[in-house]
Structure formats: structure tokens, C-alpha cells
Number of protein chains: 2
Amino acid sequence: MSKPRSRRGGGRPTLADVARKAGVGAITVSRALREPGRVSEDLRRQIQAAVDELGYVPDPNARALASARAEVFGVLVPSLTNNVFAEVVRGIYDSLSDSPFRIQIGNTHYSGLEEERLLQVFGSQRPAALIVAGIDQTPGARRLLENAGCPVVQVMETGPDPVDMMVGFSHFDGGRTAAGHLLQAGYRKIGFIGARMDPRSQRRLAGYRAAMEAAGLFDPRLITTTPVPSSVTLGRELFRDALAKMPTLDGVFCNNDDIALGVLFECHRASIDVPKQIGIVGFNDLDMMQVSFPSITSVRTHRYEIGTRAVALALAAIAGNPPEQRIVDLGFELMRRESTAR
Amino acid sequence: MSKPRSRRGGGRPTLADVARKAGVGAITVSRALREPGRVSEDLRRQIQAAVDELGYVPDPNARALASARAEVFGVLVPSLTNNVFAEVVRGIYDSLSDSPFRIQIGNTHYSGLEEERLLQVFGSQRPAALIVAGIDQTPGARRLLENAGCPVVQVMETGPDPVDMMVGFSHFDGGRTAAGHLLQAGYRKIGFIGARMDPRSQRRLAGYRAAMEAAGLFDPRLITTTPVPSSVTLGRELFRDALAKMPTLDGVFCNNDDIALGVLFECHRASIDVPKQIGIVGFNDLDMMQVSFPSITSVRTHRYEIGTRAVALALAAIAGNPPEQRIVDLGFELMRRESTAR
DNA sequence: TTGTATGCGTTATCAA
DNA sequence: TTGATAACGCATACAA
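Residues numbered from 1 in each chain as written. Chains lettered and ligands numbered in written order. Predicted model: local features only at pLDDT ≥ 70, side-chain atom pairs only at ≥ 80, totals over all residues. Heavy atoms only, no water.

- An unreviewed UniProt entry lists chain A under the name LacI family DNA-binding transcriptional regulator, with Mesorhizobium montanum given as the organism.

Here it is, written out as C-alpha cells:
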């Protein structure tokens, strides 16, 4: 003759059930779970026992509705399979695994419009924080971020005008450093090979160009790019194009490591000696760069750490301690290897 | 002298606001948004106008609370950076991008306990569907899946006893096919090199072993494995170990393509001719397998499609049309290339 | 086809 | 330190 359960509901224990069993008010249970310090030792223990016995798990939806804030980190990246973003996301996950925060990822497919749409969707949940890749949001997306009412971290790049906070590095400097290294190693006809050409790639290209111009060696015919998504296969093809266009090429700065690997394989196939005839530099420094034969010089970026730092900044802001330094530049590191050692 | 807004709330327009503006009941607005067919043409237009004017966006939390079902797909994978799972996840995202469903990914780090914990967390949201990688759930995890009260799809593998539905292929057959191909190509001392050695790797190994035993060529010393996460670097090291242990090795079936690439690079470095001295077969067929020099034979798996099919199954079940065939075997395809063509 | 009353499980407010 | 009460924004059940 137990009192009839409410007609809806999945029969899962609720806060009220726990409260009844522990002989306290519902709100006290709620507090015991969220701010244990504000509940007396005794009650806390009774409540914990009741929670364990009933197997109570808070309903995040009810919690979000009542508190007008969901314990969710919204994360927007342009690609799920690009290792670069996957590493950032992994850093975010690892940093949040012991927190109550859930993570919601959105795939923008490198589209500003899609980013805007997802921001709209994410915003409707009143997330605890928003982490977005890049600094080139559309005006609409930027407005949504500014009005999100939560900490916002732009990642992957640094720039002059953060919505709120930023963690990344200068892609322009990265590109300039890569080209500068090839120059220093004695290469002269240094090409730029790039796929996808998103804003970050464009800035790396700009850095390359700056270095080449400073050396008085810039030539637009040295540049070979395509908006097509990057792949090892594409790297090979673009390199062939570049060589056809400019047979005297003696070095290439590749937009990323996939392209660089494609170039290396084509050199093998065409019996082009690396680094004697052609020097190769990649970008990001994936694991395989150090193992390939010859090993490939690359610009190491700190993707995983970008994720962890972004979370740290957001968490601090949520806790009411917004960081002094709103822009965190994690830099990069040139890894010199056999592919440019002639 | 507008009536005082409720004391909480973020000031965002609600269903009631839209209803007032459109001059209808709140429930009618709710219906117009979810089941437009059940609302008269006229009202629908008025309501749409009010929605647009107010910029109303439904609150998913309130919706979930009221309907006891969140429009969320829970997805559990063992790794975020492993391209194999990233592709599956991408397929899931693309299939759900035009639906109201959100996606929540959990990273189990190849841990059954972590999987169980995440299932607990995910379950508390009453998700619309659950997609989990693998078929080796712990008893606890399995119970949680069975009691989730929503469609469940196990992906990556097929097996005899689905919790609900399955999409994948036989890793045992994949391993046997790979080894069989090397055998057929005339290789005899065929090694198995594997890292991570999760349940799927184990089954590929079992398939390899079956093929070798059938040929009367099995020798435990041919096997070189490690629980360490896979990488190209590791592939190189394991291959060296394998060679040291068994100098007469003339072929290797690699657990995955990263390992295979590491093996290839080591062959280059040690001037071992591929495919003459050593035949190489990888697994998954990443893009780079077809570009490398020599190109590498690999077992192509349909990761992206696994994701899309899993969503299709779940969506059908949600719509009340559970599929006849609860187990979908997408198979695999052996891609013969230069690395085994002697 | 449309509306009314009520409940979903939790937290904010305010009082004790 | 604890509790009663009233939201939070929406959907279900049922009636009209």
C-alpha cells in the first residue's frame, strides 16, 4: 500500500526520496551534495547513507532548469578527425574528467555559418563556458559569444581582440620561423604547399611570405595551395604541381605534417634526395615526423596543452577568479631534423 | 508599468511569451514547434511570426525535464585521437546534424571501469540513444545499458550477443584475411606486431594465429605485442624487437597502420627491401597507406559508415521501427598494394 | 484543433 | 544550520 508513484517519471529516486529516507528537508539534501561545508556533519552522513542506499543520481536537466545554468562546456571545432583539434579536445576532456561538467562538442566543418548556428544551439542551454577554435568568428557569432553570459575561450591562435580569453600561439610567427629555418639552412627556392587554407593556414603563409620577402627571395609562383581538405595523398599531388610549375624548387614549407609526409613519399618515388635536393619542413610535429626516413623538421605546437589551459582559464573565471592575463601565448618549437640538414 | 518579470530567469523569451504575443495557448505553441501538422495553418503562421520576432529558442533542459527524455545521443569511445574512432564519431555527427539531437561523447580511455562510470553519468540524463564502442562491456556496464531505457548500439565489432543492436565487422576475420594474404603471396615467417592490444586487437591476433596454424607455420616467437598505446614510433621499435627475436622474419601483419608505417620507415633506414625481403600489411587503411613508398597493403574498414549506420538504427528504433536485422556486419576490404607484391 | 490544470526534479528566496 | 514555498520552462493528460 505504498503511496502511488507520480504518474510520470521513470521511477528513479529523487531528491525528495532521499530526503524522506534521511528524515530531512529536500533542500538540505541538495545542499549536502553541492556545498557539504554548509551542512552539519551528522546530517551529511545520514544523507550520504540514504543516497548510497537508494542509488540516487541527480538529474542534470532539473538542475540546469532550476539554476538557469547547465554544467556543460560547449566546444566548437572545425574538424573532428584532424589530429590537431582532436588533441585539443582530448586536453579539454582530461582536464574536465573529475569535474561535474559535461562536454558538448560541435563540428563547424570550417564554416562560419555553421559555427553561428551551433552557437545559437549551444547558447540555448546556458552553458557554463564556451571554448571555440579560432579568432575569425563572423560578426553574428561574435555577438552570440559576447552575450553568452559565460566565460569564453578562443583557442589555437592568439590575436589582438579577444571576446574574453585566448589560448594559442602566433601562426604567422610559426610560418616565418619555418621559412627562416630553410633559408638559414641554405635553401633558396623555397615553396609553400598548403591545403584547406583556413585562416590559420593563411597566417602561416603570410609568415612564410614575410620571411621570403625579407630575404629578397619571394616569388608568387612558389606558392601552391588548394581549399581542398588536407591529406597525405594531396600533399604528394600538390608537390608534383609545385615542381611542374617551378622545377628548380629546392625546399618546401608544408602547411601541415600530412602534406609534408606526402612530399617525402613523392621524393622517394621520384628519387629526389632529401635533404640534399629538397628540404622539407612540416607543421605541428606529429609523432611520425621523428620516425620517418629521413626524419622531418617540423614546428611543434602544443595542442593538448592548449586544451588544458583553456579549461583552466574557464574554470578560474567560473570560480570568480578571472585571470590577470587574458591572452595566453603557448608558443611553438622548431624541431630540426634530417629533412633540412644538408 | 509592465508586470514585474519573474525574479529568476535570464530574461530570455519563453513559450508563454510567444503564446501571449501570438494570442494562443502555450501548449499550442509547443505543438506548433514539435508537430506542425497538428496545428492549423493560420495559428502556425502567427506563432512562427511571434517566434521569429521574439527570437525564441526552446530550452532543451526544460524540455528534457518535462518529457523525461533528453534529445541527446550518448557516445562512448575509448579514444578521441585515434583516427579510427574519430571517423566513427564524425559519421555520427554528420548523421545527426540536421536533427534536434545533441551529442555527448565520453572518452573511456580503454577502461571498463571508466566506461561504467560514464554510463552512469550519461544514463542520468535519460538520453534518446546510446552508442558504445566494442562488445566487451563489464557486467556492470552491460546492466546499465540494458536498463538505459533507450536504443543501444554497440559499434566497431559484431558478436553473438548484442545488448540491443550492433554495427561493425569481424576483427578475427580481418586478421585471418591479412595473414592469409601474406601466406598466399609466398611469405612464410610472418610476424604479428601489435600495440595497445585492446579486445579488437586481440581478436585480430587470434585471426592471424588461426591462419598461421592452418598453414602449419605458427610460432609464438613471431608475435610481438605491447599494451602501450600505438604510434608510428612504437611500430619502428617493435619491429626492431621482432627482428632481433626472429632474424629470418619475412613478413609482418601490423595491428594498425601507424605500426605499419613505423615498420616501413625502419625498413628504409635499415635498407631492408619491401616487399622483397619483408612483406607488410596494415589495418584500417588510412589515406597514407596508398601514398607511401612503397604503398602498403592494408585491410580497409568502414569507420565513417559504422557511425552513420549506428545512428540510422538508433533513429529507426526511436521512431518505433526497430530494424529486423539487429546485427549489421559492414565487413572489410583487403587493399593489395606494393608492400606485399613480390 | 485548442486549451486547462498539473507535474517534471531541482534550486533560489526568504524566514526560522 | 535548516526548512517551507515558489519558481524554472516545458510537455503530458484530459477535457472541450
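Still more ground to cover, so stick around.
Some words on the overall build of chain A
Argument step 1. On a plain count of helices and strands, chain A comes out with twelve helices and twelve strands.
Argument step 2. Its C-alpha atoms give chain A a radius of gyration of 26 Å, more than 25% over the compact-globule value 20 Å for 342 residues.
Argument step 3. Overall, chain A is about 90 × 35 × 35 Å in size when its C-alpha atoms are taken along their principal axes.
Argument step 4. For chain A, the residues scored as buried account for 54% of the 342 residues in total.
Argument step 5. For chain A, long-range pairs separated by at least 24 residues make up 68% of all intrachain contacts whose partners lie at least 6 apart in sequence.
Argument step 6. Accessible surface, chain A: about 14500 Å² in total, of which carbon and sulfur atoms supply 51%.
Argument step 7. With 41 positive and 37 negative side-chain charges, chain A shows a spacing of 5 Å between the two charge centroids. (Helix = DSSP H or I, 4+ residues; strand = E, 2+ residues; numbered from the N terminus. Rg over C-alpha atoms; globule rule 2.2 N^0.38 Å. Buried < 20%, exposed > 50% of the residue type's maximum accessible area, 1.4 Å probe, protein only. Contact = heavy atoms within 4.5 Å. Areas by Shrake-Rupley, 256 points an atom, 1.4 Å probe, with all protein chains shown as cover. Lys, Arg positive; Asp, Glu negative; His and termini not counted. Charge placed at Lys NZ, Arg CZ, Asp CG, Glu CD.)

Some remarks on the UniProt feature "domain: HTH lacI-type" (unreviewed entry) in chain A
Argument step 1. Those places that UniProt annotates as "domain: HTH lacI-type" (unreviewed entry) correspond, in this numbering, to residues 13-67 of chain A.
Argument step 2. Summarising residues 13-67 of chain A: 71% helix, 0% strand, and an end-to-end C-alpha distance of 20 Å. (UniProt positions renumbered as here; feature names shortened; annotations may be inferred.)

A short note on unusual backbone geometry
Argument step 1. Of note, the amide linkage connecting Phe293 of chain A to Pro294 of chain A takes the cis form, showing an omega dihedral of -5°.
Argument step 2. In this fold, Pro294 of chain A is placed in the loop between β9 (279-284) and β10 (297-301).
Argument step 3. Residue Pro275 of chain B follows Val274 of chain B across a cis peptide bond; omega there is 15°.
Argument step 4. Turning to its location among the elements, Pro275 of chain B is positioned in the loop between α11 (257-269) and β9 (279-284).
Argument step 5. A positive phi angle, close to 55°, is found at Ser271 of chain B, a residue other than glycine.

Quick word on empty space enclosed by the protein
Argument step 1. For the structure shown, the criterion picks out two cavities of 30 Å³ or more.
Argument step 2. When its volume is computed, the largest cavity comes out at roughly 120 Å³.
Argument step 3. Forming the walls of the largest cavity are 14 residues, and the residues nearest its centre are Leu80, Val89 and Ile105 of chain A together with Leu80 and Val89 of chain B.
Argument step 4. Of all elements in the fold, only α5 (83-96) of chain A together with α5 (83-96) of chain B reach the threshold of two or more residues within the lining of the largest cavity.
Argument step 5. Partitioned by chemical class, the residues of the lining of the largest cavity number twelve nonpolar, two polar and no charged.
Argument step 6. One number sums up the size of the second largest cavity: a volume of about 90 Å³.
Argument step 7. The wall of the second largest cavity is formed by Val72, Arg102, Ile103, Gln104 and Gln125 of chain A together with Asn61, Val72, Arg102, Ile103, Gln104 and Gln125 of chain B.
Argument step 8. Looking at the lining of the second largest cavity, the elements that each hand over two or more residues are β2 (102-107) of chain A together with β2 (102-107) of chain B.
Argument step 9. Here the lining of the second largest cavity is built from residues that sort into four nonpolar, five polar and two charged. (1 Å grid on protein atoms, 1.4 Å probe; cavity = no way out; pocket = protein on both sides within 12 Å on 5 of 7 lines; lining within 4 Å. Points joined across faces, edges and corners; volume = space filled by probe spheres on them. Nonpolar A, V, L, I, M, F, W, Y, C, P; charged D, E, K, R; others polar.)

Focus: the interface of chain B and chain A
One frequently used descriptor of interface size is the decrease in accessible area upon assembly of the parts.
Argument step 1. On the side of chain A, 54 residues touch chain B, which itself brings 54 residues to the contact.
Argument step 2. Summing both partners gives a buried area of about 4600 Å² for chain B against chain A, and 55% of it is carried by carbon and sulfur.
Argument step 3. Counting the contacts that link chain B with chain A gives two salt bridges.
Argument step 4. Its salt-bridge partner being Glu338 of chain B, residue Arg269 of chain A comes within 3.3 Å of it at the nearest N-O pair. (Buried area = accessible area lost by both parts, 1.4 Å probe. Salt bridge = Lys/Arg side-chain N within 4 Å of Asp/Glu carboxyl O.)

A closer look at the relation of the copies chain B and chain A
Argument step 1. Each copy of the sequence occupies a distinct position, and chain B is placed on chain A by a rotation of 180° and an axial shift of 0.0 Å, giving an RMSD of 0.1 Å. Taken together, these values place the two copies in the relation of a two-fold axis. Closest to the rotation axis within chain B is the C-alpha of Asn61 of chain B, separated from it by 2.5 Å.
Argument step 2. Looking at the interface residues of chain B, 100% of them are also at the interface in chain A, so both copies use one shared face. (Least-squares fit on C-alpha atoms with pLDDT ≥ 70 in both.)

Description of the sheet that holds strand β3 (residues 129-133) of chain B
All names here are of chain B.
Argument step 1. In spatial order, the strands read β2-β1-β3-β4-β5-β11; together these six strands make up an open sheet with parallel pairing. The open sheet has two free edges, formed respectively by β2 and β11 (327-329), since each of these has just one partner strand. Adjacent strand axes in the sheet meet at a mean angle of 15°, parallel and antiparallel pairs treated alike.
Argument step 2. Of the pairings in the sheet, the one linking strand β1 (residues 72-77) to β3 comprises four bridges and is parallel in character. Each bridged residue has a counterpart across the sheet, and for Gly74 the counterpart in β3 is Leu130.
Argument step 3. The sheet strands contacting α5 are β1, β2, β3 and β4 (152-157), and the helix crosses β2 at an angle near 165°. (Pairing = 2+ DSSP bridges. Axes fitted to C-alpha atoms, helices over the stretch in contact; angles between N-to-C directions.)

Side note on the pattern of salt bridges
Argument step 1. Going through the model one piece at a time under the given rule, you end up with 52 salt bridges over all chains.
Argument step 2. Asp285 of chain A is the partner of Arg300 of chain A in a salt bridge, and the nearest nitrogen-oxygen pair spans 2.8 Å. With Arg300 of chain A in strand β10 and Asp285 of chain A in the loop between β9 and β10, this residue pair connects regions lying 15 residues apart in the sequence.
Argument step 3. In this structure, Glu213 of chain B engages Arg209 of chain B in a salt bridge whose closest nitrogen and oxygen atoms are separated by 2.8 Å. With Glu213 of chain B and Arg209 of chain B both in helix α9 (residues 199-214) and four residues apart, this pair spans about one turn of that helix.

Focus: the pairing of strand β1 (residues 72-77) of chain A
All names here are of chain A.
Argument step 1. Across the six residues that make up β1, a large majority, six, are buried.
Argument step 2. Of the two faces of β1, the one lined by Val72, Gly74 and Leu76 and the one lined by Phe73, Val75 and Val77 are each fully buried.
Argument step 3. Looking at chain direction, β1 and β2 are connected through six bridges and run parallel. By the bridge assignment, Leu76 is partnered in β2 with Gly106.
Argument step 4. Taking the sense of rotation as the criterion, the β-α-β connection linking β1, α5 and β2 turns out right-handed. (Right-handed = clockwise from strand over helix to strand, strands pointing away.)

Here we look at the sheet that holds β9 of chain B
Residues and elements named next belong to chain B.
Argument step 1. Taking strand neighbours across the sheet as the criterion, the six strands line up as β7-β6-β8-β9-β10-β12 in an open arrangement whose pairing is mixed. The open sheet terminates on both sides in strands that have one partner only, identified here as β7 (223-225) and β12 (332-335). Sheet twist, expressed as the mean angle between neighbouring strand axes with direction ignored, is 15°.
Argument step 2. Pairing geometry for strand β8 (residues 251-254) and β9, over three bridges, is parallel. Along β9, the bridge assignment pairs Gly251 with Gly279.
Argument step 3. Helix-sheet contacts for α11 involve β6 (190-194), β8, β9 and β10 (297-301), and the interaxial angle to β9 is about 155°.

Some details on the confidence of the model for chain A
Argument step 1. On average, residues of chain A carry a pLDDT of 94, and 97% of them reach 70 or more.
Argument step 2. Every residue in residues 1-9 of chain A scores below 50 in pLDDT, and together they form four contacts with partners more than four places removed in sequence or on other chains. (pLDDT = per-residue confidence, 0-100.)

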